[in-house]
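Summary of structural features
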Amino acid sequence: MSDTRRTEIAVAFDGVDISAALESSLLSLTYIDNEENESDDLQIKVEDRDGTWLREWLPAAVQSAASSASPASGSWNIGDSVVANGRPQYSSYGIGNPGIPVTDHHGKVTYLNLQSGIPYPIHVDHLGWFAESQVQKEGGDTGQQSGLKIRASITRWNWERSGQRETLPCGEFELDVIDTSGPPAVVTIKASGLPPTSQLRRTKKSRAWEMYTLSGIAAEIATANGMSCLYESPEDPSYQRVEQSTSDIDFLSGLCHNASISLKVTNRCLVLFDQALYEAKEPVAVIEYGGGYSRYKLNMGAADTKYSSCRVSYVDPATGQCIEATARIEDYNTDAKSNQQLEVSARVDSSGEAKALAAKLLRLHNKYAKTASFTLPGDPCLVAGVTVQLKGWGAWSGKYIISQARHTVGSAGYTTQINLRKVLEGY
């Protein structure tokens, strides 16, 4: 085995390893790892001069996924109320021209062709013929398990010493978009940890949650959507009653935002975490001024985007008692005329609870006061949620957390672009 530095990628479509087939046509593979509020994404770009990807690989892969995800024939019945997505494959049975884009997504199943091998077996009254992967039963009961699954990993060899192997498992994604362009012929495959067609994101639900904790709600939503859940926060807000009228992910995002808890979707897992805990971890790397990067950008927010303090107050309507507390930044200057205070009215039961909420809200509003980005040699250790130390950068020196890591393998080799925000200390 060669001891030279090299990078390898591994890619599988629905469990089938296509890494070898990618070697001769790969232009780039990019994995985007986000700290919070966005799902992770994967993008694969290949050259396709002979049309193999466009005419053979992709149709076969997508059809294989649709077939493996198809329900038994008893899962569909004439008269089922369904919601279709995308463009119908045919306007009517036997006609080879695609139908017009769907504008009215609701309809009823009028014909089935589950036994004959025709790849578009479900006709939805006035809409046309659809693949099973495009149709779900109304109310969120899906008629199929999922779309095409894509797994990927990046491995670098011999980077610092002979025989060293470091692997970044990118995780599992679902096919989202396929773009083709030319000349020269290029196919771009985009996959997401939480695609727009996901039930977690798309289906609106009406429900009242009574006597639940945030971790309990997250765990139940994860289970209902075939996902796992990881809750990493010492605080777990409880709710006597909270109403849901949006999709699961929008509802959960709102609860997390109000509780100042971060939400991340990665590798079919809902991760809820306290940012302060992640920011307290030791740096995994030091970025010194003058070397080790090919590009950088530093930014300091305007003065009026940073608050010096936050006051949370609540007046009990029954007693008229005012409960309040104030949190301040670490280097708070009582004599500074430029001090700005964030005023928040929120229901709290004690001054301790008010102080804790004020500190979290102050952190939320100030966390992008100082940001930076660097393009570095590819490093599997640089992922969203870990911290790095900036040294020799003047006012920008200090500890930062990675808010996004973009790992790219392509003609320029393996590079990692990281977006950073300054760790907020003292509150």
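Details of the structure are given in the entry above.
Bear in mind that the values here come from a model prediction, so they are computed numbers and not experimental data. (Residues numbered from 1 in each chain as written. Predicted model: local features only at pLDDT ≥ 70, side-chain atom pairs only at ≥ 80, totals over all residues. Heavy atoms only, no water.)

So, about the overall build of the protein. For the protein, the count of helices and strands is seven helices and 26 strands. Carbon together with sulfur atoms contributes 49% to the accessible area of the protein, which is approximately 21600 Å² in total. (Helix = DSSP H or I, 4+ residues; strand = E, 2+ residues; numbered from the N terminus. Areas by Shrake-Rupley, 256 points an atom, 1.4 Å probe, with all protein chains shown as cover.)

Below, the discussion takes up helix α7 (residues 351-366). Counting along an α-helix, one turn takes 3.6 residues, and residues three or four places apart therefore face a common direction. The end-to-end C-alpha separation of α7 is 22 Å, in line with the 22 Å expected for 16 residues at 1.5 Å each. Turning to α7, its buried residues are Ala-354, Leu-357, Ala-358, Ala-359, Lys-360, Leu-361, Leu-362, Arg-363 and Asn-366. Contact partners of the buried residues in α7: α5 (248-258), α6 (275-279), β20 (309-315), β21 (322-328) and β22 (341-345). (Expected span 1.5 Å × (residues − 1). Buried < 20%, exposed > 50% of the residue type's maximum accessible area, 1.4 Å probe, protein only. Contact = heavy atoms within 4.5 Å.)

Turning our attention to the side chain of Glu-279. Positionally, Glu-279 belongs in helix α6. Excluding residues that lie within four positions of it along the chain, Glu-279 makes contacts with Arg-363, Thr-387, Lys-399, Ile-401, Arg-421, Val-423 and Leu-424.

The tally for this structure, following the rule as stated, stands at 15 salt bridges. The closest approach of N and O atoms between Glu-210 and Arg-241, which form a salt bridge, is 2.2 Å. Taken together, the residues span a long stretch of sequence, with Glu-210 in strand β13 (residues 207-213) and Arg-241 in strand β15 (residues 238-244) at a distance of 31 residues. A relative accessible area of 45% places Glu-210 in the partly exposed class. Taking the relative accessible area as the measure of exposure, Arg-241 reaches 48% and is therefore partly exposed. Between Glu-243 and Arg-241 there is a salt bridge whose closest N-O contact spans 2.5 Å. When its relative accessible area of 48% is taken as the criterion, Glu-243 is described as partly exposed. (Salt bridge = Lys/Arg side-chain N within 4 Å of Asp/Glu carboxyl O.)

Time to look at the packing of helix α4 (residues 214-224) against α5. Where α4 meets α5, the closest approach of the two axes is 11 Å, and the angle between their N-to-C directions is 160°. On the basis of the axis angle, α4 is roughly antiparallel to α5. The handedness of the crossing between α4 and α5 comes out as left-handed. Together, Leu-214, Ile-217, Ala-218 and Ile-221 of α4 and Asp-248, Phe-251, Leu-252, Leu-255 and Cys-256 of α5 make up the contact between the two elements. Of the residues in the contact of α4 with α5, the class split is eight nonpolar, no polar and one charged. (Axes fitted to C-alpha atoms, helices over the stretch in contact; angles between N-to-C directions. Parallel < 35°, antiparallel > 145°, perpendicular 65-115°, else oblique. Left-handed = near helix turned anticlockwise from the far one by under 90°. Nonpolar A, V, L, I, M, F, W, Y, C, P; charged D, E, K, R; others polar.)

A few words now on the packing of aromatic side chains. On inspection of all chains with the given rule, the structure shows eleven aromatic pairs. Ring geometry for Tyr-293 and Trp-393: centres 5.6 Å apart, planes at 50°, overall tilted. A residue pair is termed long-range when its members are at least 10 positions apart, and Tyr-293 in the loop between β18 (285-288) and β19 (295-300) and Trp-393 in the loop between β24 (387-391) and β25 (398-410) qualify at 100 residues. Of the two residues, Tyr-293 and Trp-393, both sit in the buried class. Members of the aromatic cluster, joined through ring pairs, are Tyr-289, Tyr-293, Tyr-296, Phe-374 and Trp-393. The ring of Tyr-400 has Lys-422 lying over it, and the distance from NZ or CZ to the ring centre is 6.0 Å. (Phe/Tyr/Trp six-rings, centres within 6.5 Å; stacked < 30°, edge-to-face > 60°. Lys NZ or Arg CZ within 6 Å of the ring centre and 35° of its normal.)

Let us look at the sheet that holds strand β6 (residues 106-112). Pairing within the open sheet is antiparallel, and its five strands lie in the order β8-β7-β6-β5-β9. Edge positions in the sheet fall to β8 (128-130) and β9 (135-137), since each has one partner strand and no second. Within this sheet the neighbouring strands show an average axis-to-axis angle of 50°, counted without direction. (Pairing = 2+ DSSP bridges.)

What follows is about unusual backbone geometry. A cis amide bond links Gly-182 to the next residue, Pro-183, at an omega of -15°. The omega torsion across Pro-183 and Pro-184 is -10°, close enough to zero to call that bond cis. Residue placement: Pro-184 occurs in the loop between β11 (165-181) and β12 (186-192). Of note, Met-211 is a non-glycine position whose phi angle comes to about 55°, a positive value. Here Met-211 lies in strand β13. The exposure class of Met-211 is exposed, given its relative accessible area of 67%.

Quick look at the sheet that holds β21 now. Reading across from one edge, β21-β20-β22 is the order of the three strands in this open sheet, with mixed pairing throughout. What marks the edges here is a single partner per strand, and that holds for β21 and β22. Each strand axis lies, on average, 15° off the axis of its neighbour in the sheet, ignoring direction. Most of the contacts of α7 go to β21, to which it runs at about 40°, and overall it touches β20, β21 and β22.

Position of Ser-262 among the secondary structure elements: in strand β16 (residues 262-266). Residue classification places Ser-262 among the buried positions, given a relative accessible area of 3%. Each C-alpha atom, one on Ser-262 and one on Glu-232, is 9.6 Å from the other, the two residues being 30 residues apart in sequence. Side-chain polar atoms of Ser-262 contact the side chain of Gln-275, separated by 2.9 Å. (Polar contact = N/O pair within 3.5 Å; in protein donor to acceptor, adjacent residues only side chain to side chain.)

We now examine α4. Where α4 is concerned, the buried positions are Leu-214, Ile-217, Ala-218, Ile-221 and Ala-222. What you see down the axis of α4 is that its buried residues fit within an arc of 130°, all on one side. Opposite the packed face of α4, turned more than 90 degrees from it, sit the exposed residues Thr-223 and Ala-224. Of the surrounding elements, those touching the buried residues of α4 are α3 (199-202), β13, β14 (228-232), β15, α5 and β17 (269-273). Note on α4: the residue one or two positions beyond its end, Gly-226, has a positive phi of about 65°. (Arc of directions from axis to C-beta.)

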